[in-house]
Every structure is written in structure tokens, then in C-alpha cells.
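The residues making up each chain are set out below.
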Amino acid sequence: MIQEHEPEATRRASGAAESSRANRGWWDRNADEYQQEHGGFLGDDRFVWGPEGLDEAEAALLGPAAELKGRDVLEIGAGAAQCSRWLAAQGARPVALDLSHRQLQHALRIGCAFPVVEADAGALPFPDGTFDLACSAYGAVPFVSDPVRVMREVRRVLRPGGRWVFSVTHPVRWAFPDEPGPEGLSVAASYFDRTPYVEQDENGRAVYVEHHRTLGDRVRDVVAGGFRLVDLVEPEWPAWNSQEWGGWSPLRGNLIPGTAIFICERD
């Protein structure tokens with residue numbers, strides 16, 4: 001569907017219902033373009049944590065690949081389920097969950113030998129203690145107004161000792177323009193301004209919402225959700241990666257962090 005009017009970018013409050021509706025619609029409308037533009041980098045069965053290209057096969061943030069066999073894993077915000085496909089190849093039993101119907105259609109187009117589920121991350125449709133591990137590579141967490149609710153839902157569906165690893169845009173990036181070139185290196189806003197970024201139509205109706213949390217906020221959300229923070233990974237930009245992805249680029253990546261990955265465990 002082609003929008004007649006270019007959305008207006010603004011900063012304003014946006015609650016849970018509006019954020020969920022807007023982002024479901026945005027990903028349904030843009031899934032085709034997203035997969036066409038980034039599918040080559042993501043691969044069909046590769047687990048990449050962010051635009052820097054940190055690969056789970058090397059990073060082992062969920063644990064050694066050899067120990068994934070037979071583990072029940074929930075991927076939240078799975079998109080076309082590239083990460084779940086990699087997990088399945090290691091012998092894990094993944095479930096790929098996403099809010100967007102169109103994204104999951106791409107998952108089915110590529111092929112899935114595992115379940116795909118259309119649902120909101122704040123209301124996971126699984127019994128308590130269903131999974132050994134949960135992961136999310138830029139999925140769900142940046143787009144929800146109540147991240148603690150998501151954390152508590154993830155904790156609920158994990159078994160004791162379960163690990164939850166998720167990546168988001170590094171909070172420091174919110175102080176800079178979302179530009180890959182030199183203009184993206186000058187502070188333009190307060191890092192401490194938590195007002196959501198909203199794109200809205202001519203009637204003021206949100207069509208895309210992203211929520212800013214400081215680094216300290218994210219840590220407190222993890223703890224409030226009942227997790228213990230094991231590690232915080234800030235991937236450096238590798239020499240091999242010459243591509244630009246939105247505001248991510250070699251220029252910026254070599255100077256300021258672009259991704260934050262939180263490794264959490266359920267006691």
C-alpha cells in the first residue's frame with residue numbers, strides 16, 4: 001500500500017495500544033522492502049545481532065553452539081526467522097514469533113521447519129516454563145512502551161536458569177541525528193529525553209513508533225523484569241563491514257557505539 005502523504009516525524013507520547021498498532025502496520029507495509037534491502041546481509045539462515053555484523057556463530061552469546069542441540073528457544077521479533085533457521089541448524093527447537101503477519105509470510109516463503117507465531121511480545125501465548133532460551137535481535141524491545149512487561153513475559157515462559165539475550169539500538173545514538181555521514185556525529189538532542197520518536201500521518205495518527213530508554217533505564221528494566229544482567233556487549237565495527245544501514249555506517253561505527261546487547265539470566 002502506497003501512502004499518499006509522507007509521514008511527519010515528531011517526538012510525542014505514545015502508549016502501548018497505539019505503539020503496537022502503528023508498528024504492526026509499519027512492518028506489514030514495509031516487510032517486502034526490508035527483506036529485499038537487507039536480506040542479503042542477514043542471509044536466510046544466519047544469526048546476526050545487528051548492523052555491525054556480530055554473528056552468533058562466533059559470539060556464542062546464547063552459549064556454545066554445540067550446547068544448543070535439543071534446547072527450546074523463543075525468538076521474539078523474528079522477522080523472516082533467519083536467526084531461528086540458524087538455531088534449527090544447530091539442533092535447537094526454535095519458535096519464531098513476530099507482531100507482523102507480512103514478516104512471517106517471508107519466514108514461510110524462505111521455509112520453516114519450526115513453528116511461527118504471530119503475537120505481541122507483551123502477551124506471549126505460551127505456558128510458563130516453555131523455553132530454555134529466548135533471544136531478540138532488534139525485535140520488539142525498542143518498539144514497546146512498557147519494556148518491563150515484555151521482560152516479565154519472557155521470564156514467565158523461560159525455565160529456571162534460562163538465558164534471555166536481546167539487542168537494541170545503543171541508547172547513546174538517540175542524542176545524534178540518524179544519519180550515516182558526518183552530520184550524524186554531532187549531538188542534536190538530549191540523551192535524557194525519553195520522549196518517543198513517532199512518525200504520524202496527516203491526521204496525527206501514528207504509523208511508526210520507537211521508544212528511547214537510557215542505558216541505565218535498560219538495566220533497570222532487566223532487573224525489574226526478574227532477570228540478572230550477566231553482560232552488556234557493545235560490538236565494535238569490524239574492518240570487513242563496508243555497508244551503510246540507515247544511520248549505521250563504518251564512519252560512525254568506528255567512533256560511537258551503535259548496538260547494545262544485553263545478556264540476562266533467569267535465576
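Just so you know, these numbers come straight off a predicted model, no measurement behind them. Residue positions are counted from 1 within each chain, in the order its sequence is given. In view of the model being predicted, local features appear only for residues whose pLDDT reaches at least 70, and side-chain atom pairs are presented and counted only at 80 or more, with totals across whole chains, interfaces and linings using the full set of residues. Side-chain measures here rest on the full set of heavy atoms in the structure, leaving out hydrogens and waters.

## A closer look at the sheet that holds strand β1 (residues 8-11)
And then number 1: Strand pairing is defined by DSSP finding a minimum of two bridges between the two strands. A run of H or I in DSSP counts as a helix once it spans at least four residues, and a run of E counts as a strand once it spans at least two, with each numbered from the N terminus. Reading across from one edge, β1-β7-β8 is the order of the three strands in this open sheet, with antiparallel pairing throughout. Since the sheet does not close on itself, it has two edges, and those belong to β1 and β8 (206-210), each with one partner. Adjacent strand axes in the sheet meet at a mean angle of 20 degrees, parallel and antiparallel pairs treated alike.
And then number 2: In this sheet, β8 lies alongside strand β7 (residues 197-200) in antiparallel orientation, the contact comprising four bridges. Each residue of the ladder has a partner; that of Glu199, found in β8, is Tyr208.
And then number 3: Across the sheet, helix α1 (residues 16-42) lies against β7 and β8, angled at about 105 degrees from β8, the strand it touches most. Interaxial angles span 0 to 180 degrees and are taken between N-to-C directions of axes, which are lines fitted to C-alpha atoms, for helices over the stretch in contact. Contacts are residue-level and defined by heavy atoms, with any inter-residue pair within 4.5 Å sufficient.

## Remarks on the pattern of salt bridges
And then number 1: By convention in these notes, a salt bridge is any Lys or Arg side-chain nitrogen within 4 Å of a carboxyl oxygen on Asp or Glu. This model, assessed by the stated rule, comprises 17 salt bridges.
And then number 2: The shortest N-O distance in the salt bridge between Asp72 and Arg159 comes to 3.0 Å. Remark: Arg159 occurs in strand β6 (residues 158-169) and Asp72 occurs in strand β2 (residues 72-76); sequence separation between them is 87 residues.
And then number 3: By relative accessible area, Arg159 is classed as partly exposed at 28%. Remark: exposure states derive from per-residue accessible area (1.4 Å probe, protein chains only) relative to the maximum for the residue type, with buried under 20%, exposed over 50%, and partly exposed in between.

## What about the sheet that holds β6?
And then number 1: Pairing is mixed across the open sheet formed by seven strands, whose spatial order is β4-β3-β2-β5-β6-β10-β9. Only two strands of the sheet have a single partner each, and these edge strands are β4 (116-118) and β9 (227-233). For this sheet the average axis-to-axis angle between neighbouring strands, irrespective of direction, equals 20 degrees.
And then number 2: Here β9 pairs with strand β10 (residues 259-266) via six bridges, running antiparallel. Each bridged residue has a counterpart across the sheet, and for Leu232 the counterpart in β10 is Phe262.
And then number 3: Contacts from helix α5 (residues 147-157) reach β2, β5 (131-137), β6, β9 and β10 within the one sheet, and its direction differs from that of β6 by about 145 degrees.
And then number 4: Helix-sheet contacts for helix α6 (residues 215-224) involve β6, β9 and β10, and the interaxial angle to β9 is about 145 degrees.

## Describing the state of the cysteines
And then number 1: Cysteine sulfur atoms that pair up within 2.5 Å are treated as a disulfide. By the definition in use, this model includes zero disulfides.
And then number 2: Left without a disulfide partner, Cys83 is nearest to the cysteine sulfur of Cys135, which lies 6.3 Å away.
And then number 3: Of all cysteine sulfurs, the one in Cys135 lies closest to Cys264, which takes part in no disulfide; the gap is 12 Å.

## Remarks on the packing of α5 against α6
And then number 1: Axis separation between α5 and α6 bottoms out at 8 Å; the angle between their running directions is 40 degrees. As the angle between them shows, α5 and α6 are arranged oblique. In terms of crossing hand, the pair formed by α5 and α6 is right-handed. Here Pro147, Val148, Met151 and Arg152 of α5 lie close against α6, whose contacting residues are Arg218, Asp221, Val222 and Ala224.
And then number 2: For the contact of α5 with α6, the per-class residue count stands at five nonpolar, no polar and three charged. For classification purposes, angles smaller than 35 degrees are called roughly parallel, those larger than 145 roughly antiparallel, those between 65 and 115 roughly perpendicular, and all remaining angles oblique. Here a crossing is taken to be left-handed if its near helix is turned anticlockwise relative to the far helix by less than a right angle, and right-handed if that turn runs clockwise. Residue classes follow a fixed rule: Ala, Val, Leu, Ile, Met, Phe, Trp, Tyr, Cys and Pro count as nonpolar, while Asp, Glu, Lys and Arg count as charged, and any other residue, Gly among them, counts as polar.

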